[in-house]
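Results of the structural survey
Listed here are the chains, written in short residue letters.
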Amino acid sequence: MSSATAQRPDTTRAIVQPRDLHDEYVPRPASARRRARLAREITSQVLLTLVLLLFLMPFIWMLATALKPGNEVFASPPSLFGSEIRWSNFVEAWTFVPFGRFMWNGLVVSVLGTLLVCITSVFAAYAFARMRFRGRSGLFALYLVTLLVPQEVVVIPMFIFMQELGWQNSYQALILPWAFTAFGRLVSIVADRGNTAFNWISIAIEALLAAAPLAYALGWVA
Amino acid sequence: MTSSTTAGASTTSSAPRRAPSLKRREARTAYAFLAPSGIGFFAFTLGPIVASVVIAFFAWPVFGERTFVGFQNFVTIFTSDPMFWRTVGNTLLFVLLYVPLNFVLALGLALWISPRIRGRGLYRLLFFLPAVTPIVANALVWRLLVQPNGVFADIASWFGVEQFNPLGTEAGAMAAVVVMSLWQGFGYNMLVFSAGLDSIPDHLYEAASLDGASAPRRFWHVTLPMLSPSLFFAAVMTLITSFQVFAQPYVLTGGGPGAATTTMVMYLYQRGFQLFDLGTASAVATVLFAIIALITAVQFLGQRKWVHYE
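Residues numbered from 1 in each chain as written. Chains lettered and ligands numbered in written order. Predicted model: local features only at pLDDT ≥ 70, side-chain atom pairs only at ≥ 80, totals over all residues.

For chain B, the helix and strand inventory stands at 13 helices and two strands. In terms of overall dimensions, chain B is more spread out than a globule: its C-alpha atoms have a radius of gyration of 25 Å, far above the 19 Å expected for 310 residues. Buried positions account for 37% of the 310 residues belonging to chain B. (Helix = DSSP H or I, 4+ residues; strand = E, 2+ residues; numbered from the N terminus. Rg over C-alpha atoms; globule rule 2.2 N^0.38 Å. Buried ≥ 20, exposed ≤ 12 C-beta atoms within 10 Å, placed from the backbone.)

Turning our attention to the nonpolar core. All names here are of chain B. Ranked by size, the top nonpolar core spans 49 residues in total, and within it Leu268, Val284, Ala285 and Leu288 carry the most contacts. Considering every element that reaches this core, the biggest residue donor is helix 13 (residues 278-306), with eight residues. Leu107, Leu109, Tyr123 and Met190 belong to the second largest nonpolar core, which has 18 residues in total. (Core = buried A, V, L, I, M, F, W, Y, C linked by C-beta atoms within 7 Å.)

For the α-helix, the turn length of 3.6 residues means that residues three or four positions removed from each other point alike. All names here are of chain B. For helix 9 (residues 202-210), the set of buried residues is Tyr205, Ala208 and Ser209. Take helix 9 and look down its axis: the buried residues cluster within an arc of 100 degrees, on one side only. Projecting away from the buried face of helix 9 at angles above 90 degrees are the exposed residues His203 and Leu210. Within two residues after helix 9, Gly212 carries a phi angle of roughly 85 degrees, on the positive side. (Arc of directions from axis to C-beta.)

So, on to unusual backbone geometry. For residues besides glycine, phi is generally negative; the peptide bonds are generally trans as well. Even without glycine at this site, B:Phe276 takes up a positive phi of about 55 degrees. Residue placement: B:Phe276 occurs in the loop between helix 12 (264-274) and helix 13.

What follows is about the domain arrangement of chain B. Assigned domains within chain B: domain 1 (2-55) and domain 2 (74-306). In this structure, domain 1 of chain B and domain 2 of chain B have C-alpha centres spaced 39 Å apart. (Domains from an automatic or database assignment.)

Residue and element names in this part refer to chain A. Chain-level pLDDT for chain A is 70 on average; 65% of the residues reach the 70-or-more range. Across chain A, element-level confidence peaks in helix 4 (residues 30-55) with a mean pLDDT of 90 and bottoms out in helix 1 (residues 2-6) with 43. Throughout residues 1-18 the model reports pLDDT below 50, and contacts reaching past four residues in sequence, or to other chains, amount to 32 contacts. Note on residues 213-222: pLDDT is under 50 here. Beyond four places in sequence and across chains, it has 23 contacts. (pLDDT = per-residue confidence, 0-100. Contact = placed C-beta atoms within 7 Å.)

Here you go:
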């Protein structure tokens, strides 16, 4: 995947052309100009990589901590590597809590939720995008407005609702409410109209669909 | 529930003997298509939103008697509850720090990861990574990093800063929450801006260059206006989500020290699920919703002034 995206620089190179055109007016030998540009590009790439490594430090630290003996996690001064590389930490974590079960929960919630939102959204999006009916724009506006409502506002009534239905600790409590948020429909509507400028919204959906069930599966909200 | 009545209304309204008109038949199909998602939407999205506002007018303990109390919950949080205003202030401070810094970082990196960078897809992916990894796990690692004998304290000691303990002071704890949130959240806006930047036609830059526009002027007069729809979308979404900040302070600081990093959503969580007072918790939620709705409305009204759609 990364190799495919890595190809892109050459095809989209034209974006940087303007600066080259502008530079054309500066009287300097072509080879010196090219060398200066190459130096700039290399510096930029190296600096960006350094920033990235710094940025990824919490992840690196997460991995390093996962491989340390337990009593060295809070060692002072901190060091990236402990006295030994303990792969057995993973085995212990896996057996200490029902981790397989947790992953299964996450999988069930996200797969069923995604299927449900895709199927219902396709129909709704088609109706909104291609059909004329009374209350079309009003209903659509209603959908959009709910996007502005923080999920935390919904959590309390949802909790009561689930209590009333006797759905505490159930899959349907995790899947159903979040499968009907307006997001999926908004995207499919936009996609149906072929507006590619909104493609980035699909990123939001993927992130939300991936993150929300995980957050719940990991017990973020009681 | 409500959607089934609208669907029912459409079928009963076609009472005349004649075959229903094409228009009416189309409408009926449309309602049928909308029903699966519509029923779920009313039951699980719109219903709870309305219910939240209704609950705010009740004394509603998790267990026991519920009674209608009118505006009492709002009066309570507005007048006799110092914690509420404290959390409003904390949330505003967080938003004011987080949103501009997020935009600067996201736009800066989106510009930096230009087509000249080799493997830009990989860079984008890695900068986006914290946005999709579980926020609770992220916050836990950050807690490990910022604790008094953690890595950051170690690095600080190289520069002669001893006793580095940001979570011990009010300003430090807020800074830690903001920095962690930035690390977690800016990748999303970066992707939005990257997509926006890539879709700006090259000929605009070429034309500007031929007219003698310098790089800063091209940025100001071509990049920013062409990027304004992305900027608008990002501004709306970032403001909404930053007002809802919860997991970062919950895990990283526990809302402390004292109540220095307790946000509105944390507070409504405490009231609802630790004090079991769903009424005032819903009142807090309603106020939060009102604030977010107001700010979003202002943004939508203001967009005509600065957002350029092709």
